[in-house]
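Given next are the chains, with one letter for each unit.
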Amino acid sequence: MNLELSEEQTAVRQLAEDFVRREIAPYAAEWDRAENVDRSIVKKLGSLGFLGLTVPEEYGGSGGDHLAYCLVTEELGRGDSSVRGIVSVSLGLVAKTIAAWGDERQKRHWLPRLTAGDALGCFGLTEPGTGSDAGNLTTRAVPDGGDYVINGTKMFITNGTWADVVLLFARTNDTPGHRGVSAFLVPTDTPGLTRRTIHGKLGLRGQATAELVLEDVRVPASALMGPEGKGFSIAMSALAKGRMSVAAGCVGIAQAALDAAVRYAGEREQFGRPIAAYQLVQELISDIAVDVDAARLLTWRVADLVDRGREFATAASQAKLFASEAAVRSAGNALQVFGGYGYIDEYPVGKLLRDARVMTLYEGTSQIQKLIIGRALTGVSAF
Ligand SMILES: Cc1cc2nc3c(=O)[nH]c(=O)nc-3n(C[C@H](O)[C@H](O)[C@H](O)COP(=O)(O)OP(=O)(O)OC[C@H]3O[C@@H](n4cnc5c(N)ncnc54)[C@H](O)[C@@H]3O)c2cc1C
C-alpha cells in the first residue's frame, strides 16, 4: 500500500479540515451543551459532497475512494463526533448499502436526496432486547395483500428523529436466528411509526438518537431491499464498512486529543517550567501519538483493501477494535495532561473522552470485535 496521498485525496482532506475549522469547531461545545447539532449542517455536508463519497455519480454521489472517505471522516471526528456520526450513518450505513443492495428504483428514489443532504437516513437494527445478538431481533414484517405490515421497537437509533428513511431490519419468517431477517426501506412519515428522542447520553450529545416504535406500519412490497431472508447479510455487510468509518472517526478523536495535549503542555507552567518539559508528561503525549499512528494505519489498510476489492471484514474489526480503544485511551491521557482543567467543559478534552466512550460499544462492542477476529483465526464461531 502506498502511504503517499494522491492530489485528490490531499485536496478532499484539506476541504474537510477547512470546513471543520469554519463550520463545526466553533459550535461543537455549544451543540454538546444544547444536546442538539444545528440541523443546517446536513445540507452543508451534502453541498460539499461529504454525504456522497464513494456513491456512484449517476445517483448523485461524489465518487472518490474509500481512503478519501476515511480522511473526511477523520477530520469530522476531529471536529465533532456528533457530526461525524451523522455522516457515518446516513452515508456509510444507509446510502452505501442502498447503492450496493437496492434495486434501480430504490437507488433513483433515495440516493440523490441522501447524497445532497436533502434527506437523512438511519439504520434500524438494535432492539431493546437484542443488541450484540442482533440476529435474534423480534420486529416482524408480515405479508398482507401486496404489502408488509411491520410491528416492533428499535433502540438507540442514530439520526432517528431527523431521518427521512430508516433502513429497517425485521423478521419475515419464523426461521430461528438471522435467516428469517429481511431489510426494508421505510419512510419515517409512514403512519404508525413514532419516534422518541433518547436524552441524557454520556457523549455524542448533539446527535439525534432515538427509539423507533412501529405499530402496524404498512409498506408496499417494493420497500423490501434485497432478497427476502437476506437482511442479516445486508446488515453485516453494512456494518463491516461502517466499522472502518467508526475507526476513522476514532483516529480523529485521538488526533484532536494529541493536538490539545501538545498545545496545553507547552502553555501550562508548573514548578517554573512548561509541563511539556517533564518526562512523565511527555510519556502521556507520546503514548497518544503512537495510538494515533497505529489506529490510522489500521484504518487506511481497510480502505485500501476495500478499494482493491479484497476481503476486508476482519481487518475492519481489527481497526475498529484498536482505534476505539485507542480513542478512549488517548482522550484519557490528554485529560491527564490538562489536570483539573481537563475535567471542566471549558476545555475540549472532557468531551473527547465522553464521545470516545461509545465507540467501544456501538457497531459491535470490543468483545464482539474480538469474537469476529477470533472466528476468522480459528474457524470456530462463538456466536
Ligand atoms: C449512542 C448510540 C448510538 C447507536 N446507534 C445505533 C444505530 O444507529 N443503529 C442501531 O441499530 N444500533 C445503534 N446502537 C446500538 C449499539 O449498536 C448497541 O448498543 C451495541 O451493539 C451493544 O448492544 P447492547 O447495548 O444491547 O449491549 P449487549 O449486547 O447487551 O451487551 C452488554 C455487554 O455484554 C457483552 N456481550 C454480549 N454478548 C457477548 C458475547 N457473546 N461474548 C462476550 N461478551 C458479550 C457486550 O460486549 C457488552 O459488554 C447505538 C448505541 C448507542 C449507545
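Computed from a predicted structure; not experimentally measured.

Calculation rules
Residues numbered from 1 in each chain as written. Predicted model: local features only at pLDDT ≥ 70, side-chain atom pairs only at ≥ 80, totals over all residues. Heavy atoms only, no water. Helix = DSSP H or I, 4+ residues; strand = E, 2+ residues; numbered from the N terminus. Buried < 20%, exposed > 50% of the residue type's maximum accessible area, 1.4 Å probe, protein only. Contact = heavy atoms within 4.5 Å. Polar contact = N/O pair within 3.5 Å; in protein donor to acceptor, adjacent residues only side chain to side chain. Core = buried A, V, L, I, M, F, W, Y, C linked by side-chain atoms within 4.5 Å. Expected span 1.5 Å × (residues − 1). Arc of directions from axis to C-beta. Domains from an automatic or database assignment. Buried area = accessible area lost by both parts, 1.4 Å probe. Salt bridge = Lys/Arg side-chain N within 4 Å of Asp/Glu carboxyl O. Axes fitted to C-alpha atoms, helices over the stretch in contact; angles between N-to-C directions. Parallel < 35°, antiparallel > 145°, perpendicular 65-115°, else oblique. Left-handed = near helix turned anticlockwise from the far one by under 90°. Near = heavy atom within 4 Å. Areas by Shrake-Rupley, 256 points an atom, 1.4 Å probe, with all protein chains shown as cover. Nonpolar A, V, L, I, M, F, W, Y, C, P; charged D, E, K, R; others polar.

**Section: the environment of Arg84**
With respect to the helices and strands, the residue Arg84 is situated in helix α5 (residues 81-101). Overall, the relative accessible area of 1% leaves Arg84 in the buried class. Taking the C-alpha atoms as reference points, Arg84 and Leu204, 120 residues apart in sequence, are found 9.8 Å from one another. With sequence-adjacent residues up to four places away left out, Arg84 is seen in contact with Thr73, Leu76, Gly77, Ser245, Val246, Gly249, Met359 and Tyr362. Among the polar contacts made by the side chain of Arg84, one reaches the side chain of Tyr362 at a distance of 3.0 Å.

**Here we look at the nonpolar core**
Ile41, Leu45, Leu76, Phe123, Phe169 and Val337 are the most contacted members of the largest nonpolar core, which totals 101 residues. If near-sequence neighbours (up to four positions away) are discounted, Phe123 is found in contact with Val89, Leu93, Val94, Ile157, Leu167, Phe169, Ala235, Ala238 and Leu239.

**Quick notes on helix α11 (residues 366-378)**
Between its first and last C-alpha, α11 extends 18 Å over 13 residues, near the 18 Å set by a 1.5 Å rise per residue. Burial in α11 covers these residues: Ser366, Ile368, Gln369, Ile372 and Ile373. End-on view of α11: buried residues confined to an arc of 165 degrees, all on one side of the axis. Facing away from the buried side of α11 by more than 90 degrees, the exposed set consists of Gln367, Lys370 and Thr378. On its buried side, α11 packs onto α7 (231-267) and α9 (313-338).

**Observations regarding the domain arrangement of the protein chain**
Its domain assignment divides the protein chain into domain 1 (7-119), domain 2 (123-229) and domain 3 (233-378). The C-alpha-based centres of domain 1 and domain 2 are spaced at 23 Å. At the junction of the two partners, domain 1 supplies 26 residues and domain 2 supplies 21 residues. Contact between domain 1 and domain 2 buries roughly 2100 Å² in total, counting both sides, with carbon and sulfur atoms accounting for 62%. On the domain 1 side of the contact with domain 2, Glu35, Arg39 and Trp110 bury the most area, a combined 27% of that side's loss. Taken together, the links from domain 1 to domain 2 amount to zero salt bridges.

**Remarks on the pattern of salt bridges**
Inspection of every chain in the model, using the stated rule, returns 22 salt bridges. Its salt-bridge partner being Asp259, residue Arg78 comes within 2.9 Å of it at the nearest N-O pair. Of this pair, Arg78 sits in helix α4 (residues 66-79) while Asp259 sits in helix α7; the two residues are 181 residues apart in sequence, bridging distant segments of the chain. Accessibility expressed as a relative area gives 28% for Arg78, which makes it partly exposed. Exposure remark for Asp259: the relative accessible area of 23% places this residue in the partly exposed category. In this structure, Lys351 and Asp355 form a salt bridge, with 2.6 Å as the shortest nitrogen-oxygen distance. One end of the pair, Lys351, and the other, Asp355, are both in helix α10 (residues 349-357), four residues apart, so they sit about a helical turn from each other. Judged by relative accessible area, which is 14%, Lys351 ranks as buried. Residue classification places Asp355 among the buried positions, given a relative accessible area of 2%. Residues joined by salt bridges that share partners form a network here, namely Glu17, Asp18 and Arg21.

**Observations concerning the packing of α4 against α7**
Helix packing geometry: the angle between the two helix axes and the distance between the axes. Between α4 and α7, the shortest axis-to-axis distance is 7 Å and the interhelical angle comes to 45 degrees. With respect to α7, the axis of α4 lies oblique. Helix-helix and strand crossings are classified by hand; for α4 and α7 the assignment is right-handed. Each of His66, Tyr69, Cys70, Thr73, Glu74, Gly77 and Arg78 in α4 lies in contact with α7, whose residues at this interface are Lys241, Met244, Ser245, Ala248, Gly249, Val251, Gly252, Ile253, Gln255, Ala256 and Asp259.

**As for the site of the ligand**
If you check the shell around the ligand, you find 15 residues, and the closest are Phe123, Thr126, Ser132, Phe156 and Thr365. A distance of 2.7 Å separates a nitrogen atom of the ligand from a polar backbone atom of Phe156. Within the side chain of Thr365, a nitrogen or oxygen atom sits 2.7 Å from an oxygen atom of the ligand. Isolated, the ligand exposes 980 Å² of accessible area, and the fraction of that covered by the protein chains is 64%. If you list the elements that add at least two residues to the shell around the ligand, you get β3 (147-157) and α11. Considered class by class, the residues forming the shell around the ligand number eight nonpolar, six polar and one charged. A domain-level breakdown of the shell around the ligand finds at least three residues from each of domain 2 (123-229) and domain 3 (233-378).

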